[in-house]
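Read off the chains here:
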Amino acid sequence: MKTDHELIKEFQDGNNTSFDELVKRHLPNTYGFFIKFTTDEVEAEDLAQDVFLKMFKALKKFRFDSEFKTYLFRANINMSNTYLRRNKWRNILHLDQVPDQGYTDTSYEDEWRKKELWDEVAKLPSRQRMVVTMRIAQEMPYKEISGIMGISENSAKVNYHHAVKALKGNLEN
């Protein structure tokens, strides 16, 4: 089995089937990340597809300074931040679509809580937002987060602690 770096090198040399192999290898994790993040299968598919479209262009210039998995995960984080900014306005503009008060469906309530949480995550400082996203959506250990972000493991823990504290304060209000 070829490594990710070998596949990228072949892709850079013009072998598009190598890119297909990378997609097959990493699509389940990317889709899984976005399904946890959005709880919407269609949105998750669209976001995963967008990430791999960007990868198709970006890998032509990949410099092999980091592992592909790290590079891909940073792309996922960037795409999730874009999604949060885009949906912030979508949620504000569609408040008239709240379900009728006569019928209470807990799935909407759960969905709202999740949206409310991610709206608050979007307001966090960049570093805290990235750490929280990796911890919650990907269930990554601090050691892996620190490697991806280029910070110490302790710094990742501190950022997560501050983010959770801020989220609790904002959500209680």
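For clarity, every value in this text was computed on a predicted model and none was experimentally measured.

### Side note on the pattern of salt bridges
Summed over all chains, the structure comprises six salt bridges. Taking the shortest distance from any N to any O, the salt bridge between Arg63 and Asp65 comes out at 3.6 Å. Its relative accessible area of 62% is what places Asp65 among the exposed residues. Glu120 serves as the salt-bridge partner of Lys123, at 3.1 Å between the closest nitrogen and oxygen. Taken together, the residues Lys123 and Glu120, both in helix H5 (residues 106-123) and three residues apart, mark about one turn of the helix. Given a relative accessible area of 12%, Glu120 falls into the buried group. Within this structure, Asp4, Glu21 and Arg25 form a network of salt bridges that share partners.

### Considering the environment of Ile77
Residue position: Ile77 is located in helix H4 (residues 68-93). A C-alpha to C-alpha distance of 8.1 Å links Ile77 and Met134, two positions 57 residues apart in sequence. For Ile77, the contacting residues outside a window of four places in its chain are Phe33, Met130, Thr133 and Met134.

### Points about a negative patch on the surface
Residues Asp40, Glu41, Glu45 and Asp46 make up a contiguous surface patch of negative charge. Turning to its location among the elements, Glu41 is positioned in helix H3 (residues 41-58).

### Focus on the packing of aromatic side chains
Geometrically, a pair of aromatic rings is defined through the distance of the ring centres and the angle of the planes. Taken as a whole and assessed by the stated rule, the structure comprises eight aromatic pairs. With a centroid separation of 5.2 Å and 35° between ring planes, the pair formed by Phe11 and Phe19 is classed as tilted. Of the residues examined, Phe19 reaches a relative accessible area of 7% and is grouped as buried. Ring centres of Tyr142 and Tyr160 lie 5.9 Å apart, and the angle between their planes is 70°; on these two criteria the pair is classed as edge-to-face. With Tyr142 in helix H7 (residues 142-149) and Tyr160 in helix H8 (residues 153-172), this residue pair connects regions lying 18 residues apart in the sequence. For Tyr160, a relative accessible area of 21% corresponds to the partly exposed category. Note that Arg135 overlies the ring of Tyr142, its terminal NZ or CZ placed 4.1 Å from the centroid. The ring of Tyr160 has Arg135 sitting right over it, with the charged end atom 5.6 Å from the ring centre.

Analysis parameters
Residues numbered from 1 in each chain as written. Predicted model: local features only at pLDDT ≥ 70, side-chain atom pairs only at ≥ 80, totals over all residues. Heavy atoms only, no water. Salt bridge = Lys/Arg side-chain N within 4 Å of Asp/Glu carboxyl O. Buried < 20%, exposed > 50% of the residue type's maximum accessible area, 1.4 Å probe, protein only. Helix = DSSP H or I, 4+ residues; strand = E, 2+ residues; numbered from the N terminus. Contact = heavy atoms within 4.5 Å. Patch = residues over 30% accessible without salt bridge, like charges linked within 9 Å, V, L, I, M, F, W, Y side chains within 5 Å. Areas by Shrake-Rupley, 256 points an atom, 1.4 Å probe, with all protein chains shown as cover. Lys, Arg positive; Asp, Glu negative; His and termini not counted. Charge placed at Lys NZ, Arg CZ, Asp CG, Glu CD. Phe/Tyr/Trp six-rings, centres within 6.5 Å; stacked < 30°, edge-to-face > 60°. Lys NZ or Arg CZ within 6 Å of the ring centre and 35° of its normal.

By themselves, these observations are geometric and do not establish any function.
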